[in-house]
There are 2 protein chains.
Amino acid sequence: MRIGELSRQSQVSVATIKYYLREGLLPAGVASAANQADYTEEHLRRLRLIRALIGVGGLPVARAREVLAAVDAREVAPHHLLGMAQYAIAPPVDAAAEDPDRRRARAEVLELVRRHGWQVDPEAGGIDRVAEAVSALRALGQDDLLELLDTYAEAAAAVARRELAVVVARRDPAAMVEGVVIGTVLGEALLTGLRLLAEQDASARRLGAAPGADGGKPPG
Amino acid sequence: MRIGELSRQSQVSVATIKYYLREGLLPAGVASAANQADYTEEHLRRLRLIRALIGVGGLPVARAREVLAAVDAREVAPHHLLGMAQYAIAPPVDAAAEDPDRRRARAEVLELVRRHGWQVDPEAGGIDRVAEAVSALRALGQDDLLELLDTYAEAAAAVARRELAVVVARRDPAAMVEGVVIGTVLGEALLTGLRLLAEQDASARRLGAAPGADGGKPPG
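The shown structure was predicted, so the numbers you read here are calculated from the model rather than taken from an experiment.

1. Re the packing of helix 8 (residues 149-168) of chain A against helix 8 (residues 149-168) of chain B
- At a minimum axis distance of 9 Å, the contact between helix 8 of chain A and helix 8 of chain B shows a crossing angle of 180°. Classed by the angle they form, the pair helix 8 of chain A and helix 8 of chain B counts as roughly antiparallel. Between helix 8 of chain A and helix 8 of chain B, the residues in contact are A:Thr151, A:Tyr152, A:Ala155, A:Ala158, A:Val159, A:Arg162 and A:Glu163 and B:Thr151, B:Tyr152, B:Ala155, B:Ala158, B:Val159, B:Arg162 and B:Glu163, respectively.
- Considering only residue class, the contact of helix 8 of chain A with helix 8 of chain B consists of 8 nonpolar, 2 polar and 4 charged.

2. Topic: the relation of the copies chain A and chain B
- Superposing chain A onto chain B requires a rotation of 180° together with a translation of 0.0 Å along the rotation axis, leaving an RMSD of 0.1 Å. Both copies are brought into coincidence by an operation consistent with a two-fold rotation axis. Relative to the rotation axis, the closest C-alpha in chain A is found at A:Ala155, a distance of 2.5 Å.
- When the interface residues of chain A are mapped onto chain B, 100% of them again lie at the interface, so the same face is used by both copies.

3. Points about the side chain of A:Ser135
- With respect to the helices, strands and loops of the structure, A:Ser135 is situated in helix 7 (residues 125-139).
- With residues near it in sequence (within four places) discarded, A:Ser135 still touches A:Asp101, A:Arg102 and A:Ala105.

4. Brief notes about the interface of chain A and chain B
- Opposite the 90 residues of chain A that make contact, chain B presents 90 residues.
- The contact between chain A and chain B buries some 8,800 Å² in all, and 69% of this surface belongs to carbon and sulfur atoms.
- Linking chain A with chain B are 4 salt bridges, by the criterion used here.
- A salt bridge links A:Asp144 to B:Arg170, with the nearest nitrogen and oxygen atoms 2.7 Å apart.
- Between the two partners, chain A and chain B, sit 22 residue pairs in polar contact (both at pLDDT 80 or more).
- Only helix 3 (41-56), helix 5 (78-89), helix 6 (100-115), helix 7, helix 8 and helix 9 (173-207) of chain A provide two or more residues apiece to the side of chain A that touches chain B.
- The greatest single-element share of the side of chain A that touches chain B, amounting to 27 residues, is contributed by helix 9 of chain A.
- Tallied by class, the residues present in the side of chain A that touches chain B amount to 52 nonpolar, 20 polar and 18 charged.

5. Description of the packing of aromatic side chains
Residue and element names in this part refer to chain A.
- One pass over the full model with this rule turns up 2 aromatic pairs over all chains.
- An angle of 50° between the planes, with centres 5.9 Å apart, marks the rings of Tyr19 and Tyr20 as tilted.
- With relative accessibility at 31%, the residue Tyr19 sits in the partly exposed group.

6. Side note on the confidence of the model for chain A
Residues and elements named next belong to chain A.
- The pLDDT averaged across chain A works out to 85; a share of 90% of its residues lies at or above 70.
- Every residue in residues 210-216 is under pLDDT 50, and counting partners more than four places away or in other chains gives 11 contacts.
- Listed scores for the predicted complex are pTM 0.80 and ipTM 0.81.

The rules behind these values
Residues numbered from 1 in each chain as written. Chains lettered and ligands numbered in written order. Predicted model: local features only at pLDDT ≥ 70, side-chain atom pairs only at ≥ 80, totals over all residues. Heavy atoms only, no water. Axes fitted to C-alpha atoms, helices over the stretch in contact; angles between N-to-C directions. Helix = DSSP H or I, 4+ residues; strand = E, 2+ residues; numbered from the N terminus. Parallel < 35°, antiparallel > 145°, perpendicular 65-115°, else oblique. Contact = heavy atoms within 4.5 Å. Nonpolar A, V, L, I, M, F, W, Y, C, P; charged D, E, K, R; others polar. Least-squares fit on C-alpha atoms with pLDDT ≥ 70 in both. Buried area = accessible area lost by both parts, 1.4 Å probe. Salt bridge = Lys/Arg side-chain N within 4 Å of Asp/Glu carboxyl O. Polar contact = N/O pair within 3.5 Å; in protein donor to acceptor, adjacent residues only side chain to side chain. Phe/Tyr/Trp six-rings, centres within 6.5 Å; stacked < 30°, edge-to-face > 60°. Buried < 20%, exposed > 50% of the residue type's maximum accessible area, 1.4 Å probe, protein only. pLDDT = per-residue confidence, 0-100.

Listed below in structure tokens is the structure:
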């Protein structure tokens, strides 16, 4: 197909496709005539993966290029591939920015990881994210909310096992990476949005709004 | 205490405290001398709640004022109070922005809510958040990831029940609202950060990295 058709089918503008070609994210088409190139289904699939990495995952072009190179290098083990996709989305926080409270929180998170028997890279970006929230809760005097850490960890583990089963069932490495990137970003939106709704339900049950009531919308 | 001491203890600058006084978020101190006012522990507690609403929850001043008014109006039922705090953090999305795919996704989310027996306001902001992610997943051809919706809902429900138990145990309405606001925002960071770690663990288990291996960090 021509670049115009590739744009139509992928819903990515011709200018953006040309940018990806220049940046080496998308392989060149086969020259079919002067100033014309032919693109295939393979280009369409690659374009979808690029959009997942950059558009959904918010990755800079250089990091997207690394992930794509790993997808193309067939000798990379699937676990490394998925880890790399995840690492690209949630890179570690600069350790220089840490204060003593943050280091203490980091140690607590590593202990939580050990307690749950998780096989996790101690440098993983998720550890910093959790440590940041732990030290913020403590600074705000909300220590009772920290009792929920294991509850969150169990919920996260239950979700992660099912997510990975769906992604692994895809078999194709590019589709798996696509699933990890999109699933990490949009799965987070699903989980956090559903948590807001579940909290509303828990509040209605616990504090006794009548069934069918307005679910806690502010009066008036 | 003087305003300088209030600033020191709350770690909120004098300029910001004066701004909250002008905006009516913080009640005036008791005049102790010309151009001097005295502040109490009550002011300190209120200041902490204001920081939770504006600093952590990201609420505009006008919305923070509404939540504070509800906290002060002791006749408001706790469920309405918590609902109002949550509503302030996650307001409904403008319905005019919806397209047919989004309306379809909204209907699916409402069906999910019905299936789980949740008592939820159909206008709740969480519904839009979930519907947005559902229609984005479908547009990206990731329909298999949508099979996880019930898994996410169950995890969210388990977490929400425990969160509410902790917040309700506080009894004081202002502390409860503070807990809902801070817990909603920072609990989300805890849950999503732990999910990243749990995914890394699930990947290591399922795809067979050796225990103690680097957990999926990109090679080299």
